[in-house]
Every structure is written in structure tokens, then in C-alpha cells.
Amino acid sequence: MAHSDSIVDFLLKEPDRTLSGGELGRRIGISRTAVWKNVQALQKEGYKIEVRKGRGYKLNALTSTPVAREIKRGLSTKILGRTSFYYEEVESTNNIAKELAREGSAEGTLVIAGVQTKGRGRLDRAWESPVGGIYLSLILRPGIHPSSIARLTLLSGLAVVRAVKSLYDLKVWLKWPNDLVISDTKLGGILSEMEGEAENVNFVVIGIGINANRNVTVDIPSTSIKAEIGREVDIIGLVQEILKELERLYLEFLEGSTTFLDEYKKSSNTLGRAVEIQGRDKTITGRALDIDSDGALLLQMSDGTIEKVLSGDCIHLS
Ligand code: BTN
């Protein structure tokens, strides 16, 4: 355990006491100066540690920054987030997660950041990532065929829908395939990326971006949870809830369950609408009829035929 983790733990265990640097140092096996240095680093992370001159340290409040140790405290999952890395600023949490996965990091490893300087969205779009958003990536090693990846993306969106509903009683809709929206304004999105061979996936990185405490200007109108509920979002609590719901759905998925699809469809604000799908090579319009077990959108064309669409940019026309 890192020394700073131990300091927080000891202060948290005795919230009414002021613990001296000497006592903390003895318990952990480090010098008083080292305790002081760690306390300063913790204060920088946002921990409200009061320094009482000549007496020691008292913890008045934990940080709201999603540092690894706070995500882990009270986390109810068995796989997701058991190993986690927090960065104040990164280019893209997906990039870091992919590097870690290539180096062999365990399934469930979480990478989370306060700010991304080169956040990426689908179709190589930039994903603005200022302070106040949730930017996280998870490494999964599902051992599945690459064609099943789309289902994992849908399932991840559903986990966010469930988490936001349970914590804030707020209805988030899913715009196919992976946009999280409220009243047709964008709240977030999922970017899944995989590496593997033709028949087998080595790993999948699920990237989740959510406008929690601030919304950003993207190509379509956007909102944030804070704007919707009128108060600040507890980012750590929301991340923990997302991990809990995602793990539940993921384990069912690994057992072959497809029941999440029905729930996804109930939260879809694409089904039943006239849509335009801008693919790599062509653009088609039709009515969104259904989502099949591959996660593909089934479009009814004007001549009555059904077209199966696996990917593309979806624009609601009605
Ligand atoms: C989209 O709607 O286009 C998907 C946006 C996904 C953004 C997240 S933020 C965390 C992770 N890191 C990235 O660079 N992108 C994803």
C-alpha cells in the first residue's frame, strides 16, 4: 500500500483525533518529513487535511477527485476497477489503457483522468475533456469473436443508463449505437476499441465519457448531469455505480445472456424514428425498426426491404 493511502486510512479510522507526524510515521515506518510530504501531496489531490501546529494532522474531508484509492474505497465489484490508475491529465485514457493491456494488465483495470488533452470520440472525432467530466477506460479480456464487440458497446451504455437512474433518478436515453442523451442533447458516449486477430479478441478497451459537472461544446447540443439535476455530481460515487452495473451486465454477457438487449431497446431513443446513417462509403435513410443480437440497427427502407447496419453515424430525422 502506498504511504499516502496509509495516511488517509489512519486519519479516517480516527476522525476526531489529531494524529502527530511522529505517530503516523511510526505506524507506517517512515520519517515525519516523509509524512509531511505525503500530506502535502494529498492536499493537492483535494483531501481536506488540517495541519494543527505542533499537534499533527486531522482529516476534515476526503477528496472529490477520482483518485484510485477513493474509487476503490467502498467499491463492490470483483473485477472492474480492482486495479486502477488515476491521472490528473492525460492525452486519452483509452490510449493509456491500450498500452497497459498490451503490457498484460489484468482484466478490469481502470484508467481514469481529470482532464484529457486529446480525448477521442467515435469516427476519429475529438472529445473535449475539461475538468468536471468523467473520462474513464476499462480493460476487458472477454475472449470473444470480434463480431461481438458491438454488443459490449451497447451493454456499456446501458450500465451508465442504470447508474444515472439509480443515483439521480434521471432518465438517460441511448442513441444508437453509443450516444448517451437526455432530451436529444448529448450527455456522453462510449468508445470501444479492440486488438486481436481475425478470430479472437486479445482485449477490448471500453472508454466512457460523461458530462458530469460540466457540459462541453460538441458537434451537437450537449448537457451535463449537473445541469439536469441542479447540483454537483459526486464523481467517485457515480464511477463506482457504473462499474457495479457494468460488471453485472458483463458477467451475464459472458455467460451468454442477451437479455440486456431488451433493456437497451427500452432505453433507445432511435427505434421507431426516421434516421439517416452516414457510413464510410454511403449514406442511407430509413426507419429504425429494431436492434438485432449483433447490436446492428435494422432499417426499413422506403421500398420495404430491411437493411442491417453495423456501424455509422446516426442522425435522427424525426
Ligand atoms: C463518442 O460519443 O464519440 C464517444 C466518446 C468517448 C469519450 C471517452 S472519454 C474516455 C475515453 N478516452 C477517450 O479518448 N475517449 C473515451
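The model shown is predicted, which means the values in this text are computed figures rather than measured ones.

A. Here's a closer look at the site of the ligand. Close contacts around the ligand come from 20 residues, with Ser92, Gln116, Arg120, Arg122 and Lys186 the closest. Measuring from a nitrogen atom of the ligand, one finds a side-chain N or O atom of glutamine 116 at 2.9 Å. Measuring from a nitrogen atom of the ligand, one finds a backbone N or O atom of arginine 120 at 2.7 Å. The protein chains hide 97% of the 420 Å² of surface that the ligand would expose on its own.

B. Molecular detail of unusual backbone geometry. That bond from tryptophan 176 to proline 177 is cis: its omega, 0°, falls within 30 degrees of zero. Mapped onto the elements of the fold, proline 177 is located in the loop between β6 (173-175) and β7 (179-182). One non-glycine residue, serine 183, lies in the positive phi region at around 45°. Positionally, serine 183 belongs in the loop between β7 and β8 (185-196).

C. Quick look at the pattern of salt bridges. Under the criterion given, the structure shown has 28 salt bridges. Between glutamate 263 and arginine 162 there is a salt bridge; the shortest N-O distance is 2.8 Å. Of this pair, glutamate 263 sits in helix α9 (residues 260-266) while arginine 162 sits in helix α6 (residues 149-168), and the two are 101 residues apart along the sequence. The partly exposed category is assigned to glutamate 263, whose relative accessible area is 30%. Across the salt bridge formed by aspartate 169 and lysine 165, the nearest N and O atoms sit 2.9 Å from each other. The exposure class assigned to lysine 165 is partly exposed, which follows from its relative accessible area of 40%. Sharing partners across several salt bridges, the network here consists of Glu14, Arg17, Glu23 and Arg27.

Reading the values: the criteria
Residues numbered from 1 in each chain as written. Predicted model: local features only at pLDDT ≥ 70, side-chain atom pairs only at ≥ 80, totals over all residues. Heavy atoms only, no water. Near = heavy atom within 4 Å. Polar contact = N/O pair within 3.5 Å; in protein donor to acceptor, adjacent residues only side chain to side chain. Areas by Shrake-Rupley, 256 points an atom, 1.4 Å probe, with all protein chains shown as cover. Helix = DSSP H or I, 4+ residues; strand = E, 2+ residues; numbered from the N terminus. Salt bridge = Lys/Arg side-chain N within 4 Å of Asp/Glu carboxyl O. Buried < 20%, exposed > 50% of the residue type's maximum accessible area, 1.4 Å probe, protein only.

The quantities given are spatial measurements derived from coordinates; they are silent on function.
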